[in-house]
Amino acid sequence: AQSVSQHNHHVILSEAASLELGCNYSYGGTVNLFWYVQYPGQHLQLLLKYFSGDPLVKGIKGFEAEFIKSKFSFNLRKPSVQWSDTAEYFCAVNMASGSARQLTFGSGTQLTVLP
Amino acid sequence: KAGVTQTPRYLIKTRGQQVTLSCSPISGHRSVSWYQQTPGQGLQFLFEYFSETQRNKGNFPGRFSGRQFSNSRSEMNVSTLELGDSALYLCASTFQGGGTEAFFGQGTRLTVV
């Protein structure tokens, strides 16, 4: 069964600091990878996704992520965080083919950005 | 276009009762998935429906069931509620499912007392 690990449960940063959130997955086949964000009181929103091609993907709000196949990793980065980035971030994966296309989520990382 | 709509937003039920939650996907989307979100277990997949057929099911007891109608709207039902069923239930719709982007609703907050 596939699984997703997010290394940090809670990250606290000051505004303008750089961000990197770790995500590792366990699955032997080809996967699609996602980062979702959940702002307080709001629904899950897609930040970015990787299906194939360039392993460095850019998403909304200045976020990017790099897929490193050899490390089974898909870390999220942002060079300079803002107070409005305070939210919970979820890494997710699903199989790239077959019928079992449900998302498997990591446990989430709560990011708090101090003004 | 309108997003994923889940109703009701909040529910309080008593142990032993049953509950039905509703999800209207984005127009044109045919796949609807349900997830349970709790502080302890995080986001866990319940089941996915595509063209009125359950395509995948997560590791939940049979008390959790669902269905999808011809207009792609979906309902999930939980019977014989337990305290541990208290959670945020999220619905996600995708155009076809799987590799395409999943759009989430705001969820239904179920509290079992």
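This text goes with the structure placed above it.
A brief structural summary.

1. Some remarks on the packing of aromatic side chains
Here comes step 1: For the coordinates displayed, the defined rule picks out 15 aromatic pairs over all chains.
Here comes step 2: Centre to centre, the rings of Phe47(B) and Tyr49(B) are 5.7 Å apart; their planes meet at 70°, and the pair counts as edge-to-face.
Here comes step 3: The class for Phe47(B) is buried, based on a relative accessible area of 0%.
Here comes step 4: Between the aromatic rings of Phe60(B) and Phe64(B), the centroid separation amounts to 5.2 Å while the plane-to-plane angle is 65°, which identifies the pairing as edge-to-face. Residues Phe60(B) and Phe64(B) agree in their burial class; the two are buried.
Here comes step 5: Joined through ring pairs, the aromatic side chains of Phe34(A), Tyr36(A), Phe51(A), Phe90(A), Phe105(A), Tyr35(B), Phe45(B) and Phe104(B) make up one cluster.
Here comes step 6: In this arrangement the basic side chain of Arg55(B) is found over the ring face of Phe50(B), its NZ or CZ atom lying 4.4 Å from the centre.

2. Some points on the interface of chain B and chain A
Here comes step 1: In this complex, chain B contributes 17 residues to the contact, which on the side of chain A involves 19 residues.
Here comes step 2: Taking both sides of the interface into account, the surface hidden between chain B and chain A amounts to around 1500 Å²; carbon and sulfur atoms contribute 55%.
Here comes step 3: Put simply, chain B and chain A have one salt bridge between them.
Here comes step 4: A salt bridge links Lys49(A) to Glu101(B); the nearest nitrogen and oxygen atoms lie 3.9 Å apart.
Here comes step 5: At the boundary of chain B with chain A, the tally comes to three residue pairs in polar contact (both at pLDDT 80 or more).
Here comes step 6: Listed by contribution, the elements that provide at least two residues to the side of chain B that touches chain A are strand S4 (31–38), strand S5 (42–50), strand S6 (53–57) and strand S9 (87–94) of chain B.
Here comes step 7: When grouped by side-chain class, the residues that make up the side of chain B that touches chain A number seven nonpolar, eight polar and two charged.

Rules of the game
Along each chain, numbering runs from 1 in the same order as the chain's sequence is written. Here the convention is simple: chains get letters from A, ligands get numbers from 1, in the order in which they are written. Residues qualify for local features only when their pLDDT is at least 70, as the model is predicted, and side-chain atom pairs are given and counted only at 80 or more; totals for whole chains, interfaces and linings, by contrast, use all residues. The basis for every side-chain value is the complete set of heavy atoms in the structure, and neither hydrogens nor water enter the calculation. Between the rings of Phe, Tyr and Trp (Trp by its six-membered ring), a pair exists once the centres lie within 6.5 Å; its type follows the angle of the planes, with under 30 degrees stacked, over 60 edge-to-face, and the other angles tilted. To sort residues, take the accessible area from a 1.4 Å probe on protein chains only and compare it with the maximum for the residue type: under 20% means buried, over 50% means exposed, and anything in between is partly exposed. Note on geometry: a ring has a charge over it if NZ (lysine) or CZ (arginine) is within 6 Å of the ring centre and within 35 degrees of the ring normal. Whether two residues touch is decided by their heavy atoms; if any such pair falls within 4.5 Å, the residues are in contact. When two parts are brought into contact, each loses some accessible area as probed by a 1.4 Å sphere; the total of that loss over both is the buried area. Note on definitions: salt bridges are taken to be side-chain nitrogens of Lys or Arg within 4 Å of carboxyl oxygens of Asp or Glu. Side-chain atoms alone can form a polar contact between residues adjacent in sequence; in general such a contact is a pair of N or O atoms within 3.5 Å, and within protein one must be able to donate a hydrogen while the other accepts it. Secondary structure counts use DSSP, requiring at least four H or I residues in a row for a helix and at least two E residues in a row for a strand, with both numbered from the N terminus. Polar here means any residue outside two lists: the nonpolar Ala, Val, Leu, Ile, Met, Phe, Trp, Tyr, Cys and Pro, and the charged Asp, Glu, Lys and Arg; Gly therefore counts as polar.

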